[in-house]
Amino acid sequence: MSRLFQLQENCLRLMGHNLHSFGVQGSSSLSLKHIASLLFVLSAEYPMLSYVIYHRDDMELITACLSVAFTNLVTVTKIWTFLLYKQNFWQMMQRFRQLDLKCESQFINRHLACNGYLARANKLAASLGRAYCISCGFTGIYFMLGPIIKIITSSWRGVPYARELPMPMKFPFNDVDSPGYEFGFIYTLFVTIVVVLYASAVDGLFISFAINLRAHFQALQQDIRELNFDQAEQLVQRQLVEVVDYHVLLLDLCRRLRRIYTPIVFGQFFITSLEVGVIIYQIVTHMDSIMALLVYFSFFCSIMLQLFMYCYGGEIIKVESLQVGVAIQTSNWHLALPKQRRSLVFMMHRSQREMLIKAGFYEASLANFLAICRAALSFITLIQSIE
């Protein structure tokens, strides 16, 4: 359990967030370096918008730049949301860690050790977080190494090559010749590092929270199914109180998760919808170039992976919160006393309202993810018919 959220915490520590200092009064206030990281990533929008304005007559270049600008804007949303709810993020991490430790000794969680709900959940969350971090890192490395590889190959072949920055940007100075090109390259490198670290931390925390919530809901369901109503009334009543408290705690954690991730979920859905449009345009218009097609298709998969993590996390929370009522129905409730049945009825009534991770009219679910995928395919058909 000690490695729970360890990868995400390391990413945040690299960005100057010492989460262990939150117990000190006033330490949760934002310092200048935290605000600077937000402004630094936001400043990258200026050269990108300048690039769009400069190439306003070339739709291919505009869409190529907008796809990167939208990705950067999503990260800006994640950074300011994390800074706004920084203490809430830390409290959620600590609450899950304490709950995992409590599971090893409390009666209600005795089945967790036997069935390995939390062990499997933490292993899966760590694997997904690591894979997502590697994916983000490789995407950033790919963009950064692209211009260098082109320069080297052009030099070997003796072909003149016009310098290009890793991202489509236009600075208010000469960014083609030295030293402007080197400055623009280094600036883009550091922006990419900040984007990768924050995206890996914030997105990784969400999927880790969601997977751990699913494990706890599954443990709660098994505890309900194995309630023994043949025991003494006081013992059964104590077990029921523990089960109800456990359910209330999980619902509270779900509401906290929804509250702190509302801006991110909204931004992820809204901006990803725009990104899909511009990237699909790039894919359709570069069908004759295998290299360009691979670039834009990999970029498309990267942004869809971000959206999928939120949709998958929202889906498993919704499904498992509904399964609590099913667990009550399949338990030995008919052996319970009328007073005990009322407690089960209250739990079943509450479990009929699924816990949704949503922001406005956007709901994080696999159904909405598939809807965006279908819209992307329809957009491909539309562009091809227009051309």
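Note that residues are indexed from 1 along each chain, following the sequence as it is written. For a predicted model such as this one, the threshold for reporting local features is a pLDDT of at least 70, and the threshold for listing and counting side-chain atom pairs is 80 or more; totals across whole chains, interfaces and linings nevertheless cover every residue. Water and hydrogen atoms play no part in the side-chain values, which are based on all heavy atoms of the structure.

Caption draft 1: Structural context of the overall build of the chain. Where helices and strands are cited, they refer to DSSP runs of H or I of at least four residues and of E of at least two residues respectively, numbered from the N terminus. Per the secondary structure count, the chain includes 12 helices and two strands. Along the chain, helices and strands appear, N-terminal first, in the series α-α-α-α-α-α-α-α-α-α-α-β-β-α. Sorting the 387 residues of the chain into buried and exposed places 49% on the buried side. Note on definitions: a residue-residue contact is assigned when non-hydrogen atoms from the two residues lie within 4.5 Å. Of the contacts formed within the chain by residues at least 6 apart in sequence, a portion of 80% connects residues at least 24 apart. For the chain, the computed accessible surface area is about 18,700 Å², with 64% contributed by carbon and sulfur atoms. His is not counted, nor are the chain ends, whereas Lys and Arg count as positive and Asp and Glu as negative. The atoms used to mark charge sites are NZ of Lys, CZ of Arg, CG of Asp and CD of Glu. Positive and negative charge centroids in the chain, built from 32 and 26 side chains respectively, lie 9 Å apart. Each residue is placed in one exposure class: buried if its accessible area under a 1.4 Å probe, protein chains only, is under 20% of its type's maximum, exposed if it is over 50%, and partly exposed if it falls in between. Per-residue accessibility takes into account occlusion by the displayed protein chains alone, with areas from the Shrake-Rupley method and a 1.4 Å probe.

Caption draft 2: Spotlight on the packing of helix 3 (residues 45-54) against helix 4 (residues 59-84). Running from amino to carboxyl end, helix 3 crosses helix 4 at an angle of 160°, the nearest separation of the two axes being 9 Å. Here helix 3 lies roughly antiparallel to helix 4, going by the angle between them. Helix 3 and helix 4 meet at a crossing whose hand is left-handed. Across the interface between the two elements, Glu45, Met48, Tyr51 and Val52 from helix 3 touch Leu61, Ile62, Cys65, Leu66, Val68, Ala69, Asn72 and Leu73 from helix 4. Three classes are used, and their members are as follows: Ala, Val, Leu, Ile, Met, Phe, Trp, Tyr, Cys and Pro are nonpolar, Asp, Glu, Lys and Arg are charged, and the others, Gly among them, are polar. Residue composition of the contact of helix 3 with helix 4, grouped by class: 10 nonpolar, one polar and one charged. Angles shown run from 0 to 180 degrees and are taken between the N-to-C directions of axes, each axis being a line fitted to C-alpha atoms and, for helices, limited to the stretch in contact. If an angle is under 35 degrees, it is roughly parallel; if it is over 145, roughly antiparallel; if it lies from 65 to 115, roughly perpendicular; otherwise it is oblique. Handedness of each helix crossing follows the sense of rotation of the near helix against the far helix: counterclockwise by less than a right angle gives left-handed, clockwise gives right-handed.

Caption draft 3: Inspection of the confidence of the model for the chain at higher detail. Every residue carries a pLDDT, the predictor's confidence in it, which falls somewhere between 0 and 100. When pLDDT is averaged along the chain, the result is 85, and 92% of the positions lie at 70 or above. For the chain, the element scoring lowest by mean pLDDT is helix 6 (residues 110-115), at 46; helix 3 scores highest, at 94. Here residues 23-27 is a poorly scored stretch, pLDDT under 50, and it has two contacts once near neighbours within four places are set aside; other chains count.

Caption draft 4: Spotlight on the packing of helix 7 (residues 117-157) against helix 8 (residues 180-225). In contact at an axis separation of 8 Å, helix 7 and helix 8 are set at 165° when each is read in the N-to-C sense. One element, helix 7, and the other, helix 8, form an angle in the roughly antiparallel class. Here helix 7 and helix 8 pass one another in a crossing that is right-handed. In terms of residue class, the contact of helix 7 with helix 8 is made up of 22 nonpolar, 11 polar and two charged.

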